[in-house]
Amino acid sequence: MRTTVGWHIELEFEEDQQHTRAAALVRLPDGTEVRAHGHASRHRTDANQPRVGEEIAGGRALNDLAMQLLTKAHEEIDEASGRTSHAIHV
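Residues numbered from 1 in each chain as written. Predicted model: local features only at pLDDT ≥ 70, side-chain atom pairs only at ≥ 80, totals over all residues. Heavy atoms only, no water.

**Details of the sheet that holds strand β3 (residues 33–41)**
Read from one edge to the other, the open sheet built from three strands follows the order β1-β2-β3, with strand pairing classed as antiparallel. On the outer flanks of this sheet lie β1 (9–15) and β3, each paired with one strand and no other. Along the sheet, successive strands turn relative to each other by an average axial angle of 15°, direction set aside. Relative to strand β2 (residues 19–27), β1 runs antiparallel, the two being bridged by seven bridges. Of the residues in β2, the one forming a bridge with Phe13 is Ala22. Along the sheet, helix α1 (residues 50–81) contacts β1, β2 and β3; its crossing angle with β3, the most-contacted strand, is approximately 145°. (Pairing = 2+ DSSP bridges. Helix = DSSP H or I, 4+ residues; strand = E, 2+ residues; numbered from the N terminus. Axes fitted to C-alpha atoms, helices over the stretch in contact; angles between N-to-C directions. Contact = heavy atoms within 4.5 Å.)

Here is the structure:
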């Protein structure tokens, strides 16, 4: 039997003229919520390109989210097996 599971990740951005902040949230099927954040700063001589700031801040938030999920999985493997598992690398 094949099971299909979907995860929906929410990204929200907060911006001003120099900074973009991103917040990422994923709700896992077990009810767990994992939250992460990312940040981008625009150099004063760079053109104001909000989408670029969102891409950088969003990418950093998603990277943080990925690392938290890998850590969570690693801890669950250790707990279920009763031993220390091999490190999970990206």
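More follows now that the structure is in view.
**Concerning the pairing of β2**
With antiparallel pairing between neighbouring strands as the criterion, β1 and β2 make up a hairpin whose turn holds three residues. Across nine bridges, the pairing between β2 and β3 is antiparallel. Bridged to His19 within β3 is Ser41. What sits between β2 and β3 in their antiparallel hairpin is a turn of five residues, with Gly31 showing a positive phi close to 95°.

**A word on the pattern of salt bridges**
Evaluated as defined, the whole model comprises six salt bridges. Across the pair Lys72 and Asp30 runs a salt bridge, and its minimum N-O distance is 3.9 Å. Of this pair, Lys72 sits in helix α1 while Asp30 is found in the loop between β2 and β3, placing the two residues 42 residues apart along the sequence. Residues Glu76 and Lys72 are paired through a salt bridge, measuring 2.4 Å at the closest nitrogen-oxygen approach. Residue Glu76 and its partner Lys72 are both found in helix α1; the two are separated by four residues, about one turn of the helix. When its relative accessible area of 17% is taken as the criterion, Lys72 is described as buried. Each of Glu10, Arg27, Glu33 and Arg35 takes part in one network of salt bridges that share partners. (Salt bridge = Lys/Arg side-chain N within 4 Å of Asp/Glu carboxyl O. Buried < 20%, exposed > 50% of the residue type's maximum accessible area, 1.4 Å probe, protein only.)

**Structural notes on the side chain of Thr20**
Here Thr20 lies in strand β2. Here Thr20 falls in the buried class, since its relative accessible area comes to 6%. If we ignore the near neighbours within four places in the chain, the residues touching Thr20 are Phe13, Glu14, Glu15, Gly38, His39, Ala40, Gly53, Glu54 and Ala57.

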